[in-house]
Amino acid sequence: QLQASGGGLVQAGGSLRLSCAASGRTFSGYTMGWFRQAPGKEREFVAAISRSGGLTKYKDSVKGRFTISRDNAKNTVYLQMNSLKPEDTAVYYCAADDSGFLVDIPTLYPYWGQGTLVTVSS
């Protein structure tokens, strides 16, 4: 089970940190990803992190602004979001994949959290 939290309303240029707590599985055995879905749009990849945390991957538009990290001792993955823009507004989802690959395709992630809403006002 994945439980995302940390969303909210923030002004453009502000920051938020999302958390995703995992339970019921060996957390360190999963690649973790963050995705987002804006109203009327398809779900899109934001960031992913390898099992150990040593490798990360980002959507081009968030590089340099967002940072994904994980704490395997706490079974939690984070997404630090800085310099937020109105176009970052979306429901953010965390997901887990046990393939061992750093994938950016939503359909390759079998496990999903419930989503947390991030709204960035201009």
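Above this note sits the structure.
Residues numbered from 1 in each chain as written. Predicted model: local features only at pLDDT ≥ 70, side-chain atom pairs only at ≥ 80, totals over all residues. Heavy atoms only, no water.

> Looking at this structure, I do not really get the environment of glycine 33. What am I missing?
Assignment of secondary structure puts glycine 33 in strand β4 (residues 31–37). Apart from the residues within four sequence positions on either side, glycine 33 is in contact with Ala47, Ala48, Tyr93, Cys94, Ala95 and Tyr109. (Helix = DSSP H or I, 4+ residues; strand = E, 2+ residues; numbered from the N terminus. Contact = heavy atoms within 4.5 Å.)

> Explain the state of the cysteines here, please?
A covalent bond bridging the sulfur atoms of two cysteines is what the word disulfide describes. With the rule as written, the count across this model stands at one disulfide. The disulfide partner of cysteine 20 is cysteine 94, and the S-S distance across this bridge is 2.0 Å. One quick way to see it: the torsion about the S-S bond of cysteine 20 and cysteine 94 is about 60°, and its sign makes the bridge right-handed. Of this pair, cysteine 20 sits in strand β3 (residues 16–22) while cysteine 94 sits in strand β9 (residues 90–97), placing them 74 residues apart in sequence. The pair cysteine 20 / cysteine 94 is uniform in exposure class, with both members buried. (Disulfide = S-S within 2.5 Å. Buried < 20%, exposed > 50% of the residue type's maximum accessible area, 1.4 Å probe, protein only.)

> I tried to follow unusual backbone geometry on my own but got confused; where do I start?
Backbone geometry follows two general trends: most residues other than glycine have a negative phi, and most peptide bonds adopt the trans configuration. Positive phi outside glycine occurs at asparagine 75, with the angle close to 55°. Among the secondary structure elements, asparagine 75 is positioned in the loop between β7 (66–71) and β8 (76–81). Accessibility expressed as a relative area gives 24% for asparagine 75, which makes it partly exposed. In this structure, serine 83 takes a positive phi of about 50° despite not being glycine. Mapped onto the elements, serine 83 comes out in the loop between β8 and β9. With relative accessibility at 41%, the residue serine 83 sits in the partly exposed group.

> Is there a simple way to explain the sheet that holds β8 in this structure?
What links the strands of a sheet is backbone hydrogen bonding, and the strands pair in either a parallel or an antiparallel sense. Spatially, β1-β3-β8-β7 is the arrangement adopted by the four strands of the open sheet, whose pairing is antiparallel. The open sheet has two edge strands, β1 (2–5) and β7, and neither has a second partner. Strand after strand, the sheet turns through a mean of 15° between neighbouring axes, direction not considered. (Pairing = 2+ DSSP bridges. Axes fitted to C-alpha atoms, helices over the stretch in contact; angles between N-to-C directions.)

> How should I be thinking about the pattern of salt bridges in this particular structure?
A pair can form between side chains of opposite charge whenever their charged atoms are brought close. Under the counting rule described, the total for this entry stands at six salt bridges. One salt bridge connects arginine 36 with glutamate 44, and the closest N-O pair in it is separated by 2.6 Å. Overall, the relative accessible area of 5% leaves arginine 36 in the buried class. Here lysine 57 ties to aspartate 104 by a salt bridge, and the two come within 3.2 Å at their closest N and O atoms. Of this pair, lysine 57 sits in strand β6 (residues 56–58) while aspartate 104 sits in the loop between β9 and β10 (111–112), and the two are 47 residues apart along the sequence. One continuous salt-bridge network, built from bridges that share partners, spans Arg36, Glu44, Lys59, Arg65 and Asp88. (Salt bridge = Lys/Arg side-chain N within 4 Å of Asp/Glu carboxyl O.)

So yeah, pure geometry; function would need other evidence.
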